[in-house]
Amino acid sequence: MLHAIPTEKLGPLGEPMAKAVSACVHCGFCLAACPTYRELAQEMDTPRGRIVLMKEVLEGKMTFEAAQPHVDRCLGCLACEPACPSGVPYRDLISPFRALAKSKFKRGLLERMRRFVTAQTIPYPQRFRLAMRLGSLAKAVLPKRWQSMLELVPEALPTAQSWEAVYPAKGEKRGRVALLIGCAQQVLDPDINTATIEVLTRNGVEVVIPPAQGCCGGLAWHTGDLESARGFARQNLDVFPSDVDAILTNAAGCGSAMHEYHLVLRGTADEARAERFRHRVMDVSAFLTKLGLREPLREMPRKVAYHDACHLANAQNVRRQPRDLLKSIPGLQLLEMAEAHLCCGSAGSYNMDQPEIASSLGEQKAKAVIATGADVVSSGNIGCLTQLQMHLKKLGSPIVVKHTMQILRDALSHIP
């Protein structure tokens, strides 16, 4: 697509945005893959439409205020990228544009307050846990958008867990990794980390957990808070060790954000080390598939539906690996769901940003899970798992929701 974007006036993120715009040929293959187009049936709520809007804004032909409602509705699921025959790097446009927009126009007071509270709680586990407890008590008097987020919170938060700095490999050592333990995940389902550590160590992998690690920065980056995203990125660049085989994540959104550190820190003194860092980041399912499971797995006669987390399948191209791990469990029947490529509607703070769309997508995804006849649904992202759990419960379904690592942990032979 031809453009007249003045990249030299847009800072270090101007060039990536312009290149993404120029790669689009306006073919429309992205429309069928876009969840918001399926929901709203409006051209401006498609990747193609948003690219045109953002191009017009960047060229100075349209105001940020005019484009922002449609840009805000984007889930950032990146389903458009694998659907695009031209290879448009949509991620290089949407998050940098949001970062630019943040300083160009002022949102309403309630919206600013909500975004401030979100930014000051979710990335900090202790604050987030306290906020969940206080929010549940005050739910009846909170605005609708705030209530929609609290619906995701379980009736009783799991007991807080903590982890050692190093977990030695069991048996013959086959590798050494560093693990990001996440923010919301520590509060909503800390057992995911415990299960991940057990699966890795039982398969001969030493696990290092840097105590000073922080949020991946994904929430800040995807909502346009570039300053905070850079702070989180630099913190993790500083504390994650270099003498490991890989830096592992067990949350798709976190892994995707860390893969974009080179963009977050573009034009800064940390860009080069961010580029090196991102190439060492792997999802735990991809690492284990490459390494190969060593531990025998006990028979588990279960029907398991697998849900592709968008930032695992679309952003990291990890689709086969978690399926292969689940298929390796004797007796387990892996089931696929209809329209598996569609987002579940979680997408970070999207339940608060766009509660109606998020709820509709979540209900559709839960119904697709139920239609498989599964006993369990598995995924690799805490946001997806929480969204699925809420909507399955609303529909009265007894289907159990588990992370892929939790299912593998449960299938491990208990012979020492």
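See the structure shown above.
Residues numbered from 1 in each chain as written. Predicted model: local features only at pLDDT ≥ 70, side-chain atom pairs only at ≥ 80, totals over all residues. Heavy atoms only, no water.

> Any details on the overall build of the protein chain? Residues and values, ideally.
The number of helices and strands found in the protein chain is 23 helices and nine strands. For the protein chain, whose C-alpha radius of gyration is 21 Å, the value lies close to the compact-globule estimate of 22 Å for 416 residues. With respect to the three principal axes, the spread of C-alpha positions in the protein chain is 65 × 50 × 45 Å. Residues classed as buried in the protein chain amount to 57% of the 416 residues present. Of the roughly 17,400 Å² of accessible surface on the protein chain, 55% is carried by carbon and sulfur atoms. Here the protein chain contributes 50 positively and 41 negatively charged side chains, and the mean placements of these two sets differ by 2 Å. (Helix = DSSP H or I, 4+ residues; strand = E, 2+ residues; numbered from the N terminus. Rg over C-alpha atoms; globule rule 2.2 N^0.38 Å. Buried < 20%, exposed > 50% of the residue type's maximum accessible area, 1.4 Å probe, protein only. Areas by Shrake-Rupley, 256 points an atom, 1.4 Å probe, with all protein chains shown as cover. Lys, Arg positive; Asp, Glu negative; His and termini not counted. Charge placed at Lys NZ, Arg CZ, Asp CG, Glu CD.)

> Residues and numbers for the sheet that holds strand E1 (residues 166-167), please.
In space, the five strands of this open sheet follow the order E1-E3-E2-E4-E5, with mixed pairing throughout. Since the sheet does not close on itself, it has two edges, and those belong to E1 and strand E5 (281-283), each with one partner. One ladder, built from two bridges, connects E1 with strand E3 (residues 205-208); its direction is antiparallel. Each residue of the ladder has a partner; that of Val166, found in E3, is Val208. (Pairing = 2+ DSSP bridges.)

> Run through the environment of Ile407, naming residues and quoting values.
Secondary-structure assignment places Ile407 in helix H23 (residues 404-411). Each C-alpha atom, one on Ile407 and one on Gln120, is 32 Å from the other, the two residues being 287 residues apart in sequence. Dropping the residues within four chain positions of it, Ile407 is found in contact with Met300, Val304, Leu326, Ile329, Leu332, Val376, Ser378 and Lys402. (Contact = heavy atoms within 4.5 Å.)

> Report on the layout of surface pockets, specifying residues and quantitative values.
Its volume calculated, the second largest pocket comes out at about 510 Å³. Counting only elements with at least two residues in the lining of the second largest pocket, the list comes to helix H8 (125-137), helix H10 (184-188) and helix H13 (226-239). (1 Å grid on protein atoms, 1.4 Å probe; cavity = no way out; pocket = protein on both sides within 12 Å on 5 of 7 lines; lining within 4 Å. Points joined across faces, edges and corners; volume = space filled by probe spheres on them.)

> Describe the packing of aromatic side chains, with residues and values.
Enumeration according to the criterion identifies four aromatic pairs in this entry. On the basis of an interplanar angle of 55° and a centroid distance of 6.0 Å, the ring pair of Tyr124 and Phe232 is categorised as tilted. Of this pair, Tyr124 sits in the loop between helix H7 (109-121) and H8 while Phe232 sits in helix H13, and the two are 108 residues apart along the sequence. Both rings, one in Phe240 and one in Phe277, keep their centres 6.2 Å apart while their planes meet at 80°; by these two values the pair is edge-to-face. One end of the pair, Phe240, is in the loop between H13 and strand E4 (246-249); the other, Phe277, is in helix H16 (residues 271-278), with 37 residues separating them in the sequence. Here Phe240 matches Phe277 in class, with each residue buried. (Phe/Tyr/Trp six-rings, centres within 6.5 Å; stacked < 30°, edge-to-face > 60°.)

> Provide a residue-level description of the pairing of strand E6 (residues 303-306), including the pertinent values.
In this sheet, strand E7 (residues 333-335) lies alongside E6 in parallel orientation, the contact comprising three bridges. Note that in E7 the partner of Lys303 across the bridge is Gln333.

> I'd like a description of empty space enclosed by the protein, backed by residues and values.
For the coordinates displayed, the defined rule picks out three cavities of 30 Å³ or more. Taken as a whole, the largest cavity holds about 130 Å³ of empty space. Along the wall of the largest cavity there are 17 residues; nearest its centre are Cys24, Cys30, Ile51, Cys84 and Val88. Only helix H3 (47-58) and helix H5 (80-83) provide two or more residues apiece to the lining of the largest cavity. In terms of residue count, H3 provides more of the lining of the largest cavity than any other element does, three residues in total. Approximately 90 Å³ is the volume found for the second largest cavity. The wall of the second largest cavity is formed by 14 residues, among which Cys34, Pro47, Arg50, Cys74 and Cys77 lie closest to the centre.

> A description of the pattern of salt bridges should follow, citing residues and the corresponding values.
Tallied over the full model, the rule gives 30 salt bridges. Put simply, Arg114 and Asp353 hold a salt bridge, and the shortest N to O gap is 2.6 Å. One end of the pair, Arg114, is in helix H7; the other, Asp353, is in helix H20 (residues 350-353), with 239 residues separating them in the sequence. Taken individually, Arg114 and Asp353 each receive the classification buried, so the pair is uniform in this respect. Measuring nitrogen to oxygen at the nearest pair gives 3.9 Å for the salt bridge that ties Arg202 to Glu198. Of this pair, Arg202 and Glu198 are both found in helix H11 (residues 191-202), four residues apart, which corresponds to roughly one turn of the helix. In this structure Glu198 comes out as partly exposed when scored by relative accessible area, which is 24%. (Salt bridge = Lys/Arg side-chain N within 4 Å of Asp/Glu carboxyl O.)

> Explain the side chain of Asp225 to me, using residue names and the numbers behind them.
Locating Asp225 in the fold gives a position in the loop between helix H12 (218-222) and H13. Nearest to the buried, unbridged Asp225 among oppositely charged side chains is Lys102, at 4.6 Å. At 2.8 Å, the side chain of Asp225 forms a polar contact with the side chain of Ser228. Excluding its chain neighbours within four sequence positions, the residues that come into contact with Asp225 are Lys102 and Ala220. (Polar contact = N/O pair within 3.5 Å; in protein donor to acceptor, adjacent residues only side chain to side chain.)

> Outline helix H1 (residues 14-23), supporting the account with residue identities and numerical values.
Side chains that are three or four residues apart share a direction in an α-helix, a result of its 3.6 residues per turn. Within H1, the full set of buried residues consists of Gly14, Pro16, Met17, Ala18, Ala20 and Val21. Looking at the buried side of H1, the elements it contacts are H3, helix H6 (91-102) and helix H15 (261-264).

> Go over the sheet that holds strand E9 (residues 400-403), please, and point to the residues and values.
As summarised here, the arrangement of the four strands in space is E7-E6-E8-E9, forming an open sheet in which the pairing is parallel. A single partner strand is all that each edge strand has here, and the edge strands are E7 and E9. Here the average twist between neighbouring strands, direction ignored, is 30°. Of the strand pairs in this sheet, E6 and strand E8 (residues 376-379) are connected by three bridges, and their pairing is parallel. Bridge pairing in E8 places Val304 opposite Val376. (Axes fitted to C-alpha atoms, helices over the stretch in contact; angles between N-to-C directions.)

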